[in-house]
Number of protein chains: 2
Amino acid sequence: MGDEKITTAAVIIIGNEILSGRTQDQNLCYIGQRLENLGIVLTEARVIPDDERIIVDTVNSLRAKYSYVFTTGGIGPTHDDITSASIAKAFGVRLEQNAGAMSALKSYYEEGMINDARIKMACVPEKAVLINNPISGAPGFQLENVFVLPGVPLILKAMFEGIEDRLDNGPPIVTESITTNMREGQIAEALGKIQDNYSEVSIGSYPFFKRGRLGVNLVLRSRDKKRLESAGMEVRVMIIESGGKILDNS
Amino acid sequence: MGDEKITTAAVIIIGNEILSGRTQDQNLCYIGQRLENLGIVLTEARVIPDDERIIVDTVNSLRAKYSYVFTTGGIGPTHDDITSASIAKAFGVRLEQNAGAMSALKSYYEEGMINDARIKMACVPEKAVLINNPISGAPGFQLENVFVLPGVPLILKAMFEGIEDRLDNGPPIVTESITTNMREGQIAEALGKIQDNYSEVSIGSYPFFKRGRLGVNLVLRSRDKKRLESAGMEVRVMIIESGGKILDNS
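All of these numbers come straight from a predicted model, not from anything done at the bench.

Time to look at the overall build of chain A. Looking only at helices and strands, one finds nine helices and 12 strands in chain A. Expressed along its principal axes, the backbone C-alpha trace of chain A runs to roughly 70 × 45 × 30 Å. Here chain A holds 250 residues, and 55% of them are scored as buried. Across chain A, the fraction of contacts at a sequence separation of at least 24, relative to all contacts at a separation of at least 6, is 69%. Of the accessible surface of chain A, which amounts to about 11,100 Å², a share of 48% is contributed by carbon and sulfur atoms. Put simply, chain A has 27 plus and 32 minus side-chain charges, and the middle of one group is 3 Å from the middle of the other.

Residue and element names in this part refer to chain B. Buried residues dominate strand E1 (residues 8-14), accounting for seven of its seven residues. Burial of E1 is two-sided: the residues Thr8, Ala10, Ile12 and Ile14 facing one way and the residues Ala9, Val11 and Ile13 facing the other way are all buried. One ladder, built from five bridges, connects E1 with strand E3 (residues 68-72); its direction is parallel. Across the sheet, the residue bridging to alanine 10 is valine 69, located in E3.

With that settled, consider the domain arrangement of chain A. What the domain assignment lists for chain A is domain 1 (8-166) and domain 2 (174-247). The centre of domain 1 of chain A, based on its C-alpha atoms, is set 37 Å off from the matching centre of domain 2 of chain A.

Attention now moves to the pattern of salt bridges. The tally for this structure, following the rule as stated, stands at 26 salt bridges over all chains. One salt bridge connects glutamate 44 of chain B with lysine 65 of chain B, and the closest N-O pair in it is separated by 3.9 Å. Of the two residues, glutamate 44 of chain B is situated in strand E2 (residues 41-48) and lysine 65 of chain B in the loop between helix H3 (52-63) and E3; the sequence distance between them amounts to 21 residues. Using a relative accessible area of 5% as the deciding quantity, one classes glutamate 44 of chain B as buried. By relative accessible area, lysine 65 of chain B is classed as exposed at 52%. Residues lysine 225 of chain B and glutamate 229 of chain B are paired through a salt bridge, measuring 3.3 Å at the closest nitrogen-oxygen approach. Residue lysine 225 of chain B and its partner glutamate 229 of chain B are both found in helix H9 (residues 225-241); the two are separated by four residues, about one turn of the helix. When salt bridges with common partners are traced through the structure, they connect Glu44, Arg46 and Lys65 of chain A into a single cluster.

Taken together, the 54 residues of chain B in the interface contact 54 residues of chain A. Counting across the interface, chain B meets chain A through zero salt bridges. Between chain B and chain A we count 16 residue pairs in polar contact (both at pLDDT 80 or more) in total. Those elements that place two or more of their residues in the side of chain B that touches chain A are helix H1 (16-19), helix H2 (27-38), E2, helix H6 (116-120), helix H8 (184-197), strand E10 (201-210) and strand E11 (213-222) of chain B.

Residue and element names in this part refer to chain B. Its 12 residues give H3 an end-to-end C-alpha distance of 16 Å, which sits within 8% of 16 Å, the value for a rise of 1.5 Å per residue. Restricting attention to buried positions, one finds in H3 the residues Ile54, Ile55, Val56, Thr58, Val59 and Leu62. Turning to H3, the residues buried within the fold contact E1, E2, E3, helix H4 (83-91) and strand E8 (146-149). Sitting at the head of H3, aspartate 51 places a side-chain oxygen 3.1 Å from the backbone nitrogen of arginine 53.

The next subject is the sheet that holds strand E3 (residues 68-72) of chain A. The 12 strands are arranged E6(A)-E7(A)-E8(A)-E3(A)-E1(A)-E2(A)-E2(B)-E1(B)-E3(B)-E8(B)-E7(B)-E6(B) in an open sheet whose pairing can be described as mixed. Two strands bound the open sheet, and with one partner strand each, they are strand E6 (129-131) of chain A together with strand E6 (129-131) of chain B. When the angles between neighbouring strand axes are averaged without regard to direction, this sheet yields 20 degrees. Taken together, the three bridges between E6 of chain A and strand E7 (residues 140-143) of chain A define a ladder with antiparallel strand orientation. What sits directly across from isoleucine 131 of chain A, in E7 of chain A, is glycine 140 of chain A.

Now for H9 of chain B. An α-helical segment advances 3.6 residues per turn. Residues three or four places apart therefore align on the same side. Residues and elements named next belong to chain B. Here H9 is 17 residues long and its end C-alpha atoms lie 24 Å apart, about the 24 Å a rise of 1.5 Å per residue gives. Turning to H9, its buried residues are Leu228, Ala231, Gly232, Val235, Met238 and Ile239. The buried residues of H9 occupy one face: seen down the axis, they fall within an arc of 125 degrees. What points out from H9, more than 90 degrees from its buried face, is the exposed set Lys226, Met233, Ile240 and Glu241. Of the surrounding secondary structure, the elements contacted by the buried residues of H9 are strand E9 (174-180), H8, E10, E11 and strand E12 (246-247). The opening residue of H9, the one whose side-chain oxygen lies 3.3 Å from the backbone nitrogen of lysine 226, is aspartate 224. At the exit of H9 stands glycine 243, carrying a positive phi of roughly 90 degrees.

Conventions adopted
- Residues numbered from 1 in each chain as written.
- Chains lettered and ligands numbered in written order.
- Predicted model: local features only at pLDDT ≥ 70, side-chain atom pairs only at ≥ 80, totals over all residues.
- Heavy atoms only, no water.
- Helix = DSSP H or I, 4+ residues; strand = E, 2+ residues; numbered from the N terminus.
- Buried < 20%, exposed > 50% of the residue type's maximum accessible area, 1.4 Å probe, protein only.
- Contact = heavy atoms within 4.5 Å.
- Areas by Shrake-Rupley, 256 points an atom, 1.4 Å probe, with all protein chains shown as cover.
- Lys, Arg positive; Asp, Glu negative; His and termini not counted.
- Charge placed at Lys NZ, Arg CZ, Asp CG, Glu CD.
- Pairing = 2+ DSSP bridges.
- Domains from an automatic or database assignment.
- Salt bridge = Lys/Arg side-chain N within 4 Å of Asp/Glu carboxyl O.
- Polar contact = N/O pair within 3.5 Å; in protein donor to acceptor, adjacent residues only side chain to side chain.
- Expected span 1.5 Å × (residues − 1).
- Axes fitted to C-alpha atoms, helices over the stretch in contact; angles between N-to-C directions.
- Arc of directions from axis to C-beta.

Right, dumping it as structure tokens:
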């Protein structure tokens, strides 16, 4: 541990429809889970409108700060799809028609169906490496440490799987969930003391109200499996000693 | 129009559990919808970890930039609930036990159930104005233009309704949704031309794949109802002229 290099990431969700509440974002949750599996720490996410200046500034600020940046949304054929052009601007490079992307579009669309708007989806910043789209033809792309992905969750997932082998994994993060019928206020003090003794373990406490049950989910996360197990044991003992029960996770 | 003042807002979602993908955020979508109804433009959202320095920096950066800032999460009784203390730090004020908050807790909990951890939920920055929690006792608070709300969606909604009359409404935003069986690439060019003629109307294009149907939802948004209706009419005519159908919104 100690001086192991931590791989970090940020997600930029681009789209007026997320900010207006028209669309419930699903991509952040998915990307967060995949990165956690890869041992990459997702440190920040931003949701921003379809505005070139804001996209350029946000991408440039975050790509300097994190190992990886993933953008979602805005790479389709319509006038409000301005992500690719904005990324080119952020890097100060030209947007160009990419031969690989054109051939992907050609194999997806029937002959005669490729028009100017669709050709726009084959225009990516120069030197970008394509990200294959196994579902609807139009590719995403990687430029240095920035990965440009679509907004439609089904397509995003299919494309994300294809880039996981390009990412430097960090040491894997191990997690343990413990569910109890106790209320947060009943265990907070004892839980805080356990946290104080385990600086390598992050203990999160999340109250729930579902199917008529109340309780707390405690989630332990660490890169140190032994310390995680030991902290988990102490949390279980603490719950029993406080008069609580440990419930099935669900 | 023209020099009407636009009221803007940002949302800060505080919680490791959102970044790790353990929890699907639902609050941004809800707040976005409510603000749109109020004519307030939600311009940005950030998801950040439970980290005091990051909370302080993010709150200070965004409260200077937008009319309102709404934070969600981190106001419970456990060690990882550090939002209230961080907000006090961001404003350079003391955290103090609030009499109104204590009395709200006392009326919620049975006698003898209030311990130090729960008293922590009654500690808010000095000069904060409480936000009533009709569900589980512990209040949120407002400090200047920053509104501090909980992470549990059910409680957040109940509390948000209680603060809407504190917000300066902007001129209301009118929206119209038009659903078609066309693909984005088939209408992109004609749609872009309509957008070029209607700078006061924002036209968003969102492809969908659901229940075996493919198509596009076009969402028009404006503060100018007449221009919105006129743009909507042009979009409908364009779809028909392109050989498409207009479908029921659903």
